[in-house]
Structures are given as structure tokens and as C-alpha cells.
Amino acid sequence: MPVGEFESPFAPIVDTDPDASLRIDCYVRATVPPAITATIDEVVERLRTLDERDVIDDHRVTHWPPEYRSATDSTGENGSSRDELVAEFERWAARNGHSLEPAFRRQAVPPSPLDVGADEPRERVRVPVIALAITEDDAAPADAVEADAASLRGVVPYTERPSAERSRTYTVNDLLATVETSADASRPETRQREGPTPVEGRQ
């Protein structure tokens, strides 16, 4: 993958190996308003373009899996649940000192009167309309939920909180813009015209 590490003072930091085969998984809600559909289509088109230009090695677009695992539910990837997928994302964020809030959020849901014998609130995972997960394709298993620390390289949206008073949330657009800019800067004709990028010039 020619992009290398996505680093800049104003861009999301994603830990990548320049020689690794990286895949971007795009997770979207199954039902969204028409105005949001246009935004999702634009993201998918940008991913397709990056893939065709070999800036990324592969990409997949899929709906968020169902909230809970079910042995008879064939709609989720290998029977995985949304909670398991988000839990892996949360572990990546914790390892890197980040937070997935406010884009991702866990909420307690009171038990329904129809749930006989249920007296404890259950937890519901709220997910964003669209999110991207960057994985090392060579190491990642077919089910993205099972991606471990070595294969999951980043998730957006995420929030950096360097102090109690300061925070910055990085979006899907931030990551795509960073990858696109890095790819343009790595082209020989661009380097000759504009000089080294901040990443290339940093020794």
C-alpha cells in the first residue's frame, strides 16, 4: 500500500505498515433518509476510486450486523453481532488512548413488560450512520469481528482527548481526505512540483 502512515497534525492517526495489505470496511445503517443516502453513496464512490487506483488494497461495504447474536440469524456476518464488532473497535480505541464517543454509544434500555422474567436493563449499542474500519488484509480473518490487535489498524469516527478541556473527533471524511491527499502527494509528478509531504520530510 503506497500511502504509508496516515499522519499529519490535523489528520487521524492510523497505525499502518507501509508494506501491509490494507482493507477498508465501510459499515452503514440499513435504513437512512434519502438525504443521507447521497452522503453514503459519495463515501462508497471515494472508496471505489481509491481501490481502483491501488491506493488501498481492498474495500467492502456492508450493513451493521444485528444487535444480538442468534444461531438462526443468517443476516449477520458469520453470526456475529453488532455488540461484538463495536467491542473490538472499543478495544482498539482503548489501546490507543482514544474514545469512540459520541459517534458510538452504549445505552441502558429498561426491560420490556413483555419480556417475562427480565428484571434487569439490557445494554444497547448505538452506531453511527457510517463508519470505516482499517484492517490488515493478510492477517485479518474473514469475519471482521474476530480481527485482533495485530489486524485492526484504525476506526473512524473516533475522538482524541489530550486533556479534560480539549477533544477532537475525526470523521470518515477526515480519513478519506487524508488518504487522498497522501496518495496525490506520493505521485512523482506531484512531488516534483510541490516538494516532499510532511510525512516524507519527517526523518
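Residues numbered from 1 in each chain as written. Predicted model: local features only at pLDDT ≥ 70, side-chain atom pairs only at ≥ 80, totals over all residues. Heavy atoms only, no water.

Visitor: Help me understand empty space enclosed by the protein, please; the structure alone is not making it clear to me.
Guide: Leftover empty space is mapped by rolling, across the atoms, a probe with the size of a water molecule. Considering all chains together, one arrives at 1 cavity of 30 Å³ or more under this definition. Quantified by volume, the largest cavity comes out at close to 30 Å³. The element that contributes the greatest number of residues to the lining of the largest cavity is strand β5 (residues 122-126), accounting for 3 residues. When the residues that make up the lining of the largest cavity are grouped by side-chain class, the tally is 2 nonpolar, no polar and 4 charged. (1 Å grid on protein atoms, 1.4 Å probe; cavity = no way out; pocket = protein on both sides within 12 Å on 5 of 7 lines; lining within 4 Å. Points joined across faces, edges and corners; volume = space filled by probe spheres on them. Helix = DSSP H or I, 4+ residues; strand = E, 2+ residues; numbered from the N terminus. Nonpolar A, V, L, I, M, F, W, Y, C, P; charged D, E, K, R; others polar.)

Visitor: Teacher, can you tell me more about the nonpolar core here?
Guide: A general tendency of soluble globular proteins is for nonpolar side chains to be buried together. If you look at the biggest cluster of nonpolar residues, it comprises 38 residues, and the most contacted ones within it are L47, W64, F89, F104 and L132. In contact with F89, not counting residues within four places along its chain, are Y27, W64, L100, F104, A133, L152 and V155. (Core = buried A, V, L, I, M, F, W, Y, C linked by side-chain atoms within 4.5 Å. Buried < 20%, exposed > 50% of the residue type's maximum accessible area, 1.4 Å probe, protein only. Contact = heavy atoms within 4.5 Å.)

Visitor: Mind showing me how you'd approach the sheet that holds strand β2 (residues 58-63) here?
Guide: The pairing of strands in a sheet happens through backbone hydrogen bonds and is either parallel or antiparallel. Pairing is mixed in the open sheet, where 4 strands are placed in the order β2-β1-β6-β7. Looking at which strands have only one partner, the edges of the open sheet turn out to be β2 and β7 (152-156). With strand direction ignored, the average angle separating the axes of adjacent strands in the sheet is 20 degrees. As judged from the 6 bridges shared by strand β1 (residues 22-28) and β2, these two strands associate in the parallel manner. Directly across from D25, in β2, lies its bridge partner R60. (Pairing = 2+ DSSP bridges. Axes fitted to C-alpha atoms, helices over the stretch in contact; angles between N-to-C directions.)

Visitor: Explanation requested: the pairing of β1 in the structure shown.
Guide: The side chains of a regular strand alternate between the sheet's two faces. Of all 7 residues in β1, 7 are buried, a share of seventy percent or more. Of the two faces of β1, the one lined by L22, I24, C26 and V28 and the one lined by R23, D25 and Y27 are each fully buried. Handedness of the crossover joining β1 and β2 through helix α1 (residues 34-52): right-handed. (Right-handed = clockwise from strand over helix to strand, strands pointing away.)

Visitor: What's the story with the packing of aromatic side chains in this structure? I'm lost.
Guide: A ring pair, where both rings are aromatic, is described by two values, the distance of the centres and the angle of the planes. One pass over the structure, following the stated rule, counts 6 aromatic pairs. Among the aromatic residues, ring-to-ring pairing joins Y27, W64, F89 and F104 into one connected group. (Phe/Tyr/Trp six-rings, centres within 6.5 Å; stacked < 30°, edge-to-face > 60°.)

Visitor: Just checking my understanding: could you explain the environment of L176 for this structure?
Guide: Locating L176 in the fold gives a position in helix α3 (residues 172-186). Along the sequence, L176 and L47 sit 129 residues apart, while their C-alpha atoms lie 8.0 Å from each other.

Visitor: How should I be thinking about helix α2 (residues 82-95) in this particular structure?
Guide: Count 3.6 residues to each turn of an α-helix, and residues three or four apart come out pointing the same way. Along its 14 residues, α2 runs 20 Å from first to last C-alpha, staying within 8% of the 20 Å computed at 1.5 Å per residue. Of the positions making up α2, those classed as buried are R82, L85, V86, A87, E88, F89, W92 and A93. Positive phi appears at G97, one or two residues downstream of α2, with a value of about 75 degrees. (Expected span 1.5 Å × (residues − 1).)

Visitor: Even after reading the chapter, I still don't get the layout of surface pockets, so can you show me in this structure?
Guide: Considering only enclosed or pocket space, the second largest pocket measures out at about 210 Å³ in volume. Forming the boundary of the second largest pocket are I36, T39, I40, E42, V43, R46, P128, V129, I130, V172 and N173. The set of elements that each furnish at least two residues to the lining of the second largest pocket consists of α1 and α3. Top contributing element to the lining of the second largest pocket by residue count: α1, with 6 residues. Tallied by class, the residues present in the lining of the second largest pocket amount to 7 nonpolar, 2 polar and 2 charged.

Visitor: Could you clarify how one ought to interpret α1 in this entry?
Guide: Here α1 is 19 residues long and its end C-alpha atoms lie 27 Å apart, about the 27 Å a rise of 1.5 Å per residue gives. Burial in α1 covers these residues: I40, V43, R46, L47, L50 and D51. Buried positions in α1, seen along its axis, are confined to an arc of 140 degrees and lie on one side of it. Exposed residues pointing more than 90 degrees away from the buried face of α1 are listed as P34, A35 and E52. D54 sits one or two positions beyond α1 and adopts a positive phi of about 60 degrees. (Arc of directions from axis to C-beta.)

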